[in-house]
Amino acid sequence: MTIRVLVVEDDPVAADAHALYVGRVPGFAVVGVAHSRAEAVRALERGGVDLLLLDLYLPDGHGLHLVRSLRAAGRSADVIAVTSARDLAIVREGVSLGVVQYVLKPFTFATLRDRLSRYAEFRAAAGEASGQEEVDRALGALRAPRTATTLPKGLSGPTLEAVTRTLRESPEGLTAAEAAAAVGISRITARRYLEHLVTGGRAVRSPQYGQIGRPELQYRWVSTRR
C-alpha cells in the first residue's frame, strides 16, 4: 500500500528536492507540496495524506503549532520533522505531539530513504504483539539506526557541518577556494562538500565571471533565514 506524503517546506528549492527524494523511495508517493502552514491545512482538509514531511520553520507559524492543531482536530497523519533546529526541548515537544522522526538539515537522500523505510516497516506492523520482544522490535524498526553511513564515501559529518556553517554565514556566497580557505581544507575537498549541499537542495551554484579565464562557480546557501 502506497504511503501518501505531503511535503511542507517554505523554501521552494528545498521543497522540490524533498519531493524528489520521497518520490525515489518505493512505497511512497508525494500527493502535494505546501509552502506555508495555511497551504498545509488546506491540503490536509482535502484528505488522502498519511505522512507529513514537515519543516518546522514556516512563514505563518511554527511547524509544531500545525501539528498541535491537527491533533486537536482529530487528524492522525504521522509527521517526520525536517529541520535545522537542534533544540532538544523542541524535539521533546514534537515527540509528545506524535512526531515519529527528526531529520536534520542538511541531509542526503540515503538518510531520508532510511528514515522513510523505517517508518514504512513500523507502519506495516499489525495485529496483536505476542509479548514485550515483539513490541520492542516494532519500535526498534522506527528508532534504531541501521547504518552509521549517511554521507557519500569520503565525506565526514564534522567537515560538512563546518562547510555548511561557513556558507550559511556568507550571504553573498562563496567559491570553493574561499570555502576551502575558511574551513582549512583543500579546494577540491571543499567543492565536493559544496556540490553535496547543492544535490541536497541546500545550496545553489552560479558562474562568477572574472576579467580573464574561465568563470568560477559561486555557491550560495538557499535558506539564510535559519
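Above this note sits the structure.
Residues numbered from 1 in each chain as written. Predicted model: local features only at pLDDT ≥ 70, side-chain atom pairs only at ≥ 80, totals over all residues. Heavy atoms only, no water.

(A) Structural detail: the packing of aromatic side chains. Applying the stated criterion across every chain, the model contains two aromatic pairs. Taken together, a centroid distance of 6.1 Å and an interplanar angle of 65 degrees make the contact between Tyr21 and Phe107 edge-to-face. Here the residue Tyr21 occupies a position in helix α1 (residues 12–23), and Phe107 occupies one in the loop between β7 (99–104) and α5 (109–124), the gap between them amounting to 86 residues. Given the relative accessible area of 5%, Phe107 is considered buried. Put simply, the rings of Tyr21, Phe107 and Phe109 pair up and form one aromatic cluster. Directly above the ring of Phe109 sits Arg24, whose terminal nitrogen or CZ lies 3.9 Å from the centroid. (Phe/Tyr/Trp six-rings, centres within 6.5 Å; stacked < 30°, edge-to-face > 60°. Helix = DSSP H or I, 4+ residues; strand = E, 2+ residues; numbered from the N terminus. Buried < 20%, exposed > 50% of the residue type's maximum accessible area, 1.4 Å probe, protein only. Lys NZ or Arg CZ within 6 Å of the ring centre and 35° of its normal.)

(B) Examining the pattern of salt bridges more closely. Taken as a whole, this structure holds nine salt bridges when the rule is applied. Its salt-bridge partner being Glu9, residue Lys105 comes within 2.7 Å of it at the nearest N-O pair. A residue pair is termed long-range when its members are at least 10 positions apart, and Lys105 in the loop between β7 and α5 and Glu9 in the loop between β1 (3–8) and α1 qualify at 96 residues. Each member of the pair, Lys105 together with Glu9, is buried. We note a salt bridge from Glu195 to Arg205, for which the minimum N-O separation is 2.5 Å. Taken together, the residues span a long stretch of sequence, with Glu195 in helix α9 (residues 187–199) and Arg205 in strand β9 (residues 203–208) at a distance of ten residues. Under the relative-accessibility criterion, Glu195 is labelled partly exposed at 21%. When salt bridges that share partners are traced, they join Arg4, Asp50, Asp78 and Arg123 into one network. (Salt bridge = Lys/Arg side-chain N within 4 Å of Asp/Glu carboxyl O.)

(C) Summary view of the sheet that holds strand β6 (residues 78–83). In spatial order, the strands read β2-β1-β3-β6-β7; together these five strands make up an open sheet with parallel pairing. Each edge of the sheet is formed by a strand with only one pairing partner; in this case those strands are β2 (28–34) and β7. The mean inter-strand angle of the sheet, taken between neighbouring strand axes irrespective of direction, is 20 degrees. In this structure, β1 lies alongside strand β3 (residues 51–55), joined through four bridges in parallel fashion. Bridging across to β3, Leu6 finds its partner in Leu52. Set on the sheet, α1 makes contact with β1, β2, β3 and β6; between it and β2 the angle comes to about 165 degrees. (Pairing = 2+ DSSP bridges. Axes fitted to C-alpha atoms, helices over the stretch in contact; angles between N-to-C directions. Contact = heavy atoms within 4.5 Å.)

(D) Region of the structure containing the pairing of strand β10 (residues 216–221). As defined by bridge partners, strand β8 (residues 174–175) adjoins β10 across two bridges and the pair is classed as antiparallel. Residue pairing for β10: Leu174 is matched across the bridge by Tyr219. Pairing analysis gives six bridges linking β9 to β10, with the strands arranged antiparallel. Each bridged residue has a counterpart across the sheet, and for Gln208 the counterpart in β10 is Glu216.

(E) Representation of the nonpolar core. One finds Leu6, Val8, Leu52, Leu54, Leu56, Leu64 and Tyr102 to be the most contacted residues of the largest nonpolar core, which totals 22 residues. Elements with a minimum of two residues in this core: β1, α2 (37–45), β3, α3 (63–72), β6 and β7. Examining the composition of this core, we find that four residues originate from one element, α3, more than from any other. If we ignore the near neighbours within four places in the chain, the residues touching Leu6 are Val31, Gly32, Val33, Ala34, Ala40, Ala43, Leu44, Val49, Leu51, Leu52 and Leu53. (Core = buried A, V, L, I, M, F, W, Y, C linked by side-chain atoms within 4.5 Å.)

(F) Up close: the pairing of β6. Here β6 lies mainly inside the structure; five of its six residues are buried. Bridge count between β3 and β6: five bridges; the pairing is parallel. Bridging from a neighbouring strand, Asp55 pairs with Val82 of β6. Both β6 and β7 contribute to a ladder of five bridges, which runs parallel. What sits directly across from Ile80, in β7, is Gln101. Where the polypeptide runs from β6 across helix α4 (residues 88–96) and back to β7, its parallel neighbour, the crossover connection is right-handed. (Right-handed = clockwise from strand over helix to strand, strands pointing away.)

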